[in-house]
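Now for the letters of each chain:
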Amino acid sequence: MVWYFMEDIKKKITEALNFRHACKEFNGEKIPNEDLKFILESGRLSPSSFGMQPWKFIVVKDQKLKEQLLEASLGQIQVTTCSDLVVICARTDIKPSDDFFKKVMENRTLPEEKQERIKKSLDEKDPQKMLVYCQQQAFIALGNMMQVSAFLGVDSCPMGGFDAETYSKILGLDPHIHPTLLMPLGYRKNKQSDKERLAYDDVVETR
Ligand SMILES: Cc1cc2nc3c(=O)[nH]c(=O)nc-3n(C[C@H](O)[C@H](O)[C@H](O)COP(=O)(O)O)c2cc1C
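This section reports on the structure supplied with the text. (Residues numbered from 1 in each chain as written. Predicted model: local features only at pLDDT ≥ 70, side-chain atom pairs only at ≥ 80, totals over all residues. Heavy atoms only, no water.)

Quick look at the sheet that holds strand 1 (residues 55-60) now. Taken together, the 4 strands give an open sheet; going across it, the order is 1-2-4-3, and neighbouring strands pair in antiparallel fashion. A strand with exactly one partner marks an edge of an open sheet, and here the two such strands are strand 1 and strand 3 (155-156). Across 6 bridges, strand 1 lies against strand 2 (residues 84-91) in antiparallel orientation. Along strand 2, the bridge assignment pairs Phe-57 with Ile-88. (Pairing = 2+ DSSP bridges. Helix = DSSP H or I, 4+ residues; strand = E, 2+ residues; numbered from the N terminus.)

So, about the site of the ligand. What surrounds the ligand is a group of 14 residues, the closest being Ala-22, Lys-24, Gln-76, Gly-160 and Arg-197. In the model, an oxygen atom of the ligand is placed 2.8 Å from a nitrogen or oxygen of the Ala-22 main chain. At a separation of 3.0 Å, a nitrogen atom of the ligand approaches a polar backbone atom of Pro-158. If the ligand stood free it would expose 620 Å²; the protein chains cover 62% of that surface. Looking at side-chain class alone, the shell around the ligand contains 5 nonpolar, 5 polar and 4 charged residues. (Near = heavy atom within 4 Å. Polar contact = N/O pair within 3.5 Å; in protein donor to acceptor, adjacent residues only side chain to side chain. Areas by Shrake-Rupley, 256 points an atom, 1.4 Å probe, with all protein chains shown as cover. Nonpolar A, V, L, I, M, F, W, Y, C, P; charged D, E, K, R; others polar.)

We now examine the state of the cysteines. Across all of its chains, the model carries 0 disulfides by this definition. Not part of a disulfide, Cys-89 finds its nearest cysteine sulfur in Cys-134, a span of 12 Å. For Cys-89, a relative accessible area of 0% gives the class buried. (Disulfide = S-S within 2.5 Å. Buried < 20%, exposed > 50% of the residue type's maximum accessible area, 1.4 Å probe, protein only.)

Rendered as structure tokens:
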């Protein structure tokens, strides 16, 4: 019984992994709010270094706003044809003196010694290193959200091709919120492209 159950789960996971592709054009159909929330929850629950959760997910629903963002997205129409455009931002206000750091730490039960180690490590980072560090966490959230979307039958496209500065201006973001990735969500208009991947043995090495 348990064996059958596991096989079923594996089959569903494989189906979702194959269903997910970089969707180039959506059909404009809206995602139920409940599904959108479920997807965003998987971003919220993602792991992050020291558990700092240095991200913010901005959901653009407004069509006019999406159109305003098109040029800064190198004209990629995923942005305007999707149901919801999620702008995954890295937030860099995670130094011990920042309010956000305090907020994250408020609900944590960490030994004093560990807290001090976290503070020292974050304090030492210069702005550029801090940005890269926070952006790395944002990628993890993107991966989780895309995979959960696929489970729900929702298409997505991971996108790094956009002008972050223009996005910041159009969305009126605070300087510590950095647009890092786009994740338009919706339903595909066209058949998905074939999966082009290297063979298992090309990418896995066992020692
Ligand atoms: C970080 C990242 C940035 C990407 N940026 C874009 C993008 O700007 N536009 C686009 O159409 N696809 C983008 N892609 C999609 C990739 O081209 C695509 O995932 C890859 O070719 C594999 O195809 P598949 O996702 O359909 O399996 C990006 C993917 C990643 C992971």
